[in-house]
Amino acid sequence: MEYVNPEGLRLDGRRPMEMRQLRAEIGAVSGADGSAMFEMGNTKVIAAVYGPREVQHRSQMVNDKALIRCEYTMANFSTGDRTRKPKGDRRSTEISLVIRQTMEACILTHLMPRSQIDIFVQVLQADGGTRSACINAATLALADAGIPMRDLVTSCSSGYLNSTPLLDLNYVEDSAGGPDVTVGILPKLDKVTLLQMDAKLPMDIFENVMQLATEGCKAVANYIREVLIQNTKQLEHRRGV
Amino acid sequence: MEQRLANSLIMTVNEKKFIETALLSDLRVDGRRPFDYRKLSISFGREDGSSEVQLGNTRVMGFVTGQLVQPYRDRPNEGTLAIYTEFSPMADPSFEAGRPGESAIELGRIVDRGLRYDSLFTCLNFCSSTTESRAVDTESLCVISGKSLNLYGNRNLVDASNVAALAALSTFRRPECTLGENGQEVIVHPPEAREPLPLIIHHLPVAVTFAFIGKENVVVIDPTHHEEAVMGGSMTATLNTNGDVCAIQKAGGEGVLQSVIMQCLRIASVKAGDITSKIKSAVMLKRYDLKLIFRVKYSEFEKQVESYNTERSLRKIKRHNPSPAGYKH
């Protein structure tokens, strides 16, 4: 199947190095301390953050750091076929672990000892790149909750089909069986926290694909910064500043 | 309720500082240099497809079983590979019996990711030879499920489990199957009737784990339990000897520069070559053992031959009970 046609357009009309349209909204869940909704093309994800609050299970309390918990679920209606076990299956457990460890690296946990921060991420519409969208949404939600962080964490995926590196794969391109590289970076520090890849790639091509994903992450970071600045301006306006 | 990452080792501040300071002068607590692996030894069990790997003090057992099932509808010419991991509480006080915890699942998925895209599936050549002459909706294909049972951990379970899975897959033999007369049913030939066939393995993806300790970009290979407790982040790279990167897993943790990642990959490809040659020689040794036994048959040592024959036929009888209860999953 042709994923990049001879004119250089992909199945959805994008260029190989073009990301899907990003859309973010802060404060989607009014009951949470911080929440955000993030869309990358057709992938729509909602994140809610509760914390810092008292640790619910005393046995898990850590004396010098905050405890970070993360739960990733996919809504039953998020994929084409109605999923039956949206959480507790192996993929969800692994992604929850991955998101938790990624956010743990950037939250300044030592400032909030003996407390707990819960991050709940739910996928409402899955069209490829759900992991990346979840991390981006979690970053926004944590910022909305006012939790101190070292830097934003942004994430993007890239792949390699028809001998072309492609940025931001959608579901069809992802299920083509080619490699799928998901990268999560700390943009200001320019460091890679999350790196996952499946399927085979020669090493030099891998370097290009990873570089492309990193560029995508930086573009997402710029967008997220804009959204946060807009949000702050709105808050200032409401306070009458 | 999720569990904390299963590293229950409680480290004192002094121990942490000692490990970090020693690493600044390129010294590790067990005397290795930063990019040295621990001693790796691979041994095989009596049955085809069982292996035991010892990496330092970490021991992992791998076992491969195969069965016929219907293929996925969108991939009718391929079989499937399922990886199950079990952390037995015998291995480490932090492992709980019963449902696999987070780290068990992560381990399973890392090994799975490395092996999955490996075209091990074209071992189902038996299917292609028959489906070429028949309709593609031939009903059965082999499912190979690889299972690792982690016995004793001095950590770096990922690398050891990966080697165990590869070794077990290299020695696994599946029974030969042919289609029946009307082309609809599949006859599985018992191993006495027809010699079981080995899997066709295109390449061996080897996992190499790096730990990032401290803040000054210190990287070590094959971390021990103590180093894992101290590390800020870890990365597992699965590579093969053809220069391909098969899978990478760096699940959060300390941020590292891209240049450090590429350097790690280059080191990993060297180590992958070493480990691949060790696996291959261990598998060859096992095959050679069998050939040696056949040579003995044709010599004058009748007694040896007879006793071996009886043992072999006893083994064949054992084969009728396919899977011992312990490995049921």
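Everything quoted here is computed from the prediction, not taken from an experiment.

A. A look at the overall build of chain B. For chain B, the count of helices and strands is 7 helices and 13 strands. Relative to its full complement of 329 residues, chain B shows a buried share of 48%. Sequence-distant contacts in chain B: of pairs separated by 6 or more residues, those separated by 24 or more amount to 71%. In the form shown here, chain B has an accessible surface area of approximately 16,800 Å², with 54% of it arising from carbon and sulfur atoms.

B. Main features of the nonpolar core. Among the nonpolar cores identified, the biggest contains 98 residues, and F38, M103, I107, L195 and F206 of chain A are the most heavily contacted of them. Here the element with the most residues in this core is helix 6 (residues 258-297) of chain B; it accounts for 12 residues. Setting aside its immediate chain neighbours within four residues, M103 of chain A contacts I119, I135, A138, T139, L142 and V153 of chain A. Judged by nonpolar contacts, the second largest core, of 8 residues, contains M11, I19, L23 and V230 of chain B.

C. Fine view of the sheet that holds strand 5 (residues 115-125) of chain A. Residue and element names in this part refer to chain A. The 5 strands lie next to each other as 1-2-3-5-4, forming an open sheet whose pairing is mixed. Of all the strands in the sheet, just strand 1 (22-26) and strand 4 (67-74) have a single pairing partner and so form its edges. Across the sheet, the mean angle separating the axes of adjacent strands is 15° when strand polarity is ignored. Of the pairings in the sheet, the one linking strand 3 (residues 43-54) to strand 5 comprises 9 bridges and is antiparallel in character. Across the sheet, the residue bridging to V45 is V123, located in strand 5.

D. Region of interest: the pattern of salt bridges. Overall, the coordinates contain 18 salt bridges over all chains when judged by the stated rule. Two residues, D118 of chain A and R53 of chain A, come together in a salt bridge whose shortest N-O distance is 2.2 Å. Here D118 of chain A, found in strand 5, pairs with R53 of chain A, found in strand 3; they are 65 residues apart in sequence, far enough to count as distant. Accessibility expressed as a relative area gives 0% for D118 of chain A, which makes it buried. Close ionic contact of E227 of chain B with R28 of chain B constitutes a salt bridge, the shortest N to O distance being 2.9 Å. Taken together, the residues span a long stretch of sequence, with E227 of chain B in helix 5 (residues 225-230) and R28 of chain B in the loop between helix 1 (13-24) and strand 1 (40-44) at a distance of 199 residues.

E. Molecular detail of unusual backbone geometry. Residue and element names in this part refer to chain A. For the bond running from G51 to P52, omega is -10°, close enough to zero to count as cis. Among the structural elements, P52 can be located in strand 3. The backbone of D168 sits at a positive phi, close to 60°, despite the residue not being glycine. On the secondary structure map, D168 appears in the loop between strand 7 (164-167) and helix 3 (171-174). Residue classification places D168 among the buried residues on the basis of a relative accessible area of 1%. Of note, the phi angle at D190 is positive, near 55°, even though the residue is not glycine. On the secondary structure map, D190 appears in the loop between strand 8 (180-186) and strand 9 (191-198). On the basis of relative accessible area, D190 is assigned to the partly exposed category, the value being 36%.

F. Looking closely at a nonpolar patch on the surface. On the surface, M1, L11, Y171 and V172 of chain A cluster together into a nonpolar patch covering about 450 Å² of accessible area. With respect to the helices and strands, the residue V172 of chain A is situated in helix 3.

G. Broad picture of the pairing of strand 4 of chain A. Residues and elements named next belong to chain A. In terms of burial, strand 4 is a largely internal element, 7 of the 8 residues being buried. When strand 4 meets strand 5, the two strands line up parallel, connected through 8 bridges. When the bridges of strand 5 are listed, E71 appears paired with F120.

H. How the structure looks around the interface of chain B and chain A. Of the residues lining the interface, 41 residues belong to chain B; the matching set on chain A comes to 40 residues. At the boundary of chain B with chain A, the tally comes to 1 salt bridge. Among the ionic pairs, K200 of chain A bridges to D244 of chain B, the shortest N-O distance being 3.9 Å. The tally of links from chain B across to chain A stands at 12 residue pairs in polar contact (both at pLDDT 80 or more). Going through the elements one at a time, strand 4 (80-87), helix 2 (102-116), strand 12 (233-239), strand 13 (244-256) and helix 6 of chain B are the ones with two or more residues in the side of chain B that touches chain A. Looking at the side of chain B that touches chain A element by element, the count peaks at 13 residues for strand 13 of chain B. Here the residues of the side of chain B that touches chain A sort into 18 nonpolar, 11 polar and 12 charged.

I. Geometry of the environment of P196 of chain B. Residue and element names in this part refer to chain B. Structurally, P196 can be placed in the loop between strand 8 (186-188) and strand 9 (197-198). Residue class for P196 comes out buried when judged on its relative accessible area of 10%. Sequence separation between P196 and R173 is 23 residues; the distance between their C-alpha atoms is 5.4 Å.

J. Structural detail: the UniProt feature "domain: Exoribonuclease phosphorolytic" (unreviewed entry) in chain B. Within this structure's numbering, the places UniProt gives as "domain: Exoribonuclease phosphorolytic" (unreviewed entry) are residues 37-175 and 203-269 of chain B. Helix makes up 27% of residues 203-269 of chain B and strand 48%, with an end-to-end C-alpha separation of 14 Å.

K. A look at the state of the cysteines. Within the structure shown, the criterion is met by 0 disulfides over all chains. In this structure C217 of chain A is a free cysteine whose sulfur lies 5.4 Å from that of C156 of chain A, the closest cysteine sulfur available. Here C264 of chain B is not cross-linked by a disulfide; its sulfur's nearest cysteine counterpart is in C246 of chain B, at 17 Å. For C264 of chain B, a relative accessible area of 2% gives the class buried.

L. Expanded view of helix 4 (residues 203-239) of chain A. Across its 37 residues, helix 4 of chain A extends 53 Å between first and last C-alpha, which sits within 8% of the 54 Å expected from 1.5 Å per residue. Among the residues trailing helix 4 of chain A, G240 of chain A stands out with phi positive, at a value near 80°.

M. Quick look at the confidence of the model for chain B. Residue and element names in this part refer to chain B. Residues at a pLDDT of 70 or more form 59% of chain B, whose mean pLDDT is 71. Low pLDDT, under 50, characterises residues 1-6; the stretch is placed with 25 contacts to residues that sit more than four places away or in other chains. Counting contacts from residues 118-148, a segment whose pLDDT is below 50, to residues more than four positions away or on other chains yields 98 contacts. Two summary scores accompany this predicted model of the complex, namely pTM at 0.80 and ipTM at 0.85.

Definitions and limits used
Every chain is numbered on its own, with residues counted from 1 as its sequence reads. Key to labels: chains lettered from A, ligands numbered from 1, both in the order written. Residues qualify for local features only when their pLDDT is at least 70, as the model is predicted, and side-chain atom pairs are given and counted only at 80 or more; totals for whole chains, interfaces and linings, by contrast, use all residues. Note that the side-chain values use all heavy atoms of the structure and ignore hydrogens as well as water. Helix and strand definitions here come from DSSP, where helices need a minimum of 4 consecutive H or I residues and strands a minimum of 2 consecutive E residues; each element is numbered from the N-terminal end. Accessibility here uses a 1.4 Å probe with only protein chains present; expressed as a share of the type maximum, an area under 20% marks a residue as buried, one over 50% as exposed, and anything in between as partly exposed. Contact between two residues is taken to exist if any of their heavy atoms lie within 4.5 Å; hydrogens are not considered. Accessible surface is estimated by sampling points in the Shrake-Rupley manner with a 1.4 Å probe; for residues, cover comes only from the protein chains shown. What makes a nonpolar core is a set of buried Ala, Val, Leu, Ile, Met, Phe, Trp, Tyr and Cys residues whose side-chain atoms join them at distances within 4.5 Å. Strands qualify as paired when DSSP identifies two bridges or more between them. Each axis is a line fitted through C-alpha atoms, and for a helix only the stretch in contact is used; angles between axes span 0 to 180 degrees, taken between their N-to-C directions. By definition here, a salt bridge exists when the distance from a side-chain nitrogen of Lys or Arg to a carboxyl oxygen of Asp or Glu is within 4 Å. Patch membership requires more than 30% relative accessible area and the absence of a salt bridge. Residues of like charge join within 9 Å; the nonpolar side chains Val, Leu, Ile, Met, Phe, Trp and Tyr join within 5 Å. Here a polar contact is recorded for every N or O atom pair within 3.5 Å, except that within protein the pair must consist of a potential hydrogen donor and a potential acceptor, and residues adjacent in sequence are included only if both atoms are side-chain atoms. Residues are grouped as follows: nonpolar covers Ala, Val, Leu, Ile, Met, Phe, Trp, Tyr, Cys and Pro; charged covers Asp, Glu, Lys and Arg; every other residue, Gly included, is treated as polar. UniProt positions are given in the numbering used here, feature names are shortened, and annotations may be inferred rather than shown by experiment. Only a pair of cysteine sulfur atoms within 2.5 Å counts as a disulfide in this structure description. By definition here, a helix of n residues has an expected span of 1.5 Å times n minus one. Confidence of the predictor at the level of single residues is captured by pLDDT, which takes values from 0 to 100.

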